[in-house]
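# Secondary and tertiary structure notes
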Amino acid sequence: MTQSSMIDRPVLNALLDQFGTADGTGSGRRAQFVNDFINMWETRSYRLMRALGKGDFDDADVVLLSIRSSGTMLGASTLEAIAGMVHAAVKRHDLPGSMAHLARLHEVGDATCRELSLVIEGE
């Protein structure tokens, strides 16, 4: 993973290889999980903000688990780590602690989605 990269390419490539080869065999399926993550990012982000705004730690927990597991599968370790910090605070019902890393989570999530889009466009 390069210094500026949001994605660990070997991890992402291993995931993509589970869906088919880059030569066209299963290529639609290869991109589907990545595109789903990209398309759901804004919804997840909004849902997390709404849950924290209402003090709904259970819903915030669900959203963060989704972000973390998808991030791990995609090789988005920076996104997963920041989501992990927010998640730890959510588990403690620590609203100020949850909010402390939220701006960075959104920033890294957006950058991760941009990088994933470039990877999929290059397929």
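Residue indices begin from 1 for each chain and proceed along its sequence in written order. Under the rules for a predicted model, residues below a pLDDT of 70 receive no local features and side-chain atom pairs below 80 are neither given nor counted, while totals for whole chains, interfaces and linings still include all residues. Side-chain metrics in this entry use all non-hydrogen atoms of the structure; hydrogen atoms and water are not considered.

### Focus on helix 4 (residues 77–91)
Each helix corresponds to a stretch of at least 4 residues labelled H or I by DSSP, and each strand to a stretch of at least 2 residues labelled E; elements are numbered beginning at the N terminus. Each residue after the first adds 1.5 Å to the expected span of a helix. Taking 1.5 Å per residue as the helical rise, helix 4 with its 15 residues ought to reach 21 Å, and the 20 Å between its terminal C-alpha atoms agrees with that figure. Backbone geometry just downstream of helix 4 places histidine 93 in the positive-phi region, at approximately 60°.

### Some thoughts on a nonpolar patch on the surface
Surface patches are drawn from residues lacking salt bridges whose relative accessible area is over 30%; two like charges belong together within 9 Å, two nonpolar side chains (Val, Leu, Ile, Met, Phe, Trp, Tyr) within 5 Å. Surface exposure here means Shrake-Rupley accessible area, sampled with a 1.4 Å probe, where a residue is shielded only by the protein chains that are shown. Criterion for a salt bridge: a side-chain nitrogen of Lys or Arg within 4 Å of a carboxyl oxygen of Asp or Glu. A surface patch of nonpolar side chains, about 240 Å² in accessible area, is lined by Met49, Leu95 and Met99. With respect to the helices and strands, methionine 99 occurs in helix 5 (residues 95–100). For every residue, the accessible area (1.4 Å probe, protein chains only) is compared with the maximum for its type, and the residue is labelled buried under 20%, exposed over 50%, or partly exposed between those bounds. Looking at methionine 99, the relative accessible area reads 39%, which means it is partly exposed.

### A word on the pattern of salt bridges
By the definition in use, this model includes 5 salt bridges. One salt bridge connects lysine 91 with aspartate 61, and the closest N-O pair in it is separated by 3.3 Å. Within this pair, whereas lysine 91 is found in helix 4, its partner aspartate 61 is found in helix 3 (residues 57–74), the two being separated by 30 residues in sequence. Put simply, arginine 92 and aspartate 94 hold a salt bridge, and the shortest N to O gap is 3.3 Å. Using a relative accessible area of 24% as the deciding quantity, one classes aspartate 94 as partly exposed.

### Some words on unusual backbone geometry
Positive phi outside glycine occurs at histidine 93, with the angle close to 60°. Mapped onto the secondary structure, histidine 93 falls in the loop between helix 4 and helix 5.

Shape descriptors only; they carry no functional weight alone.
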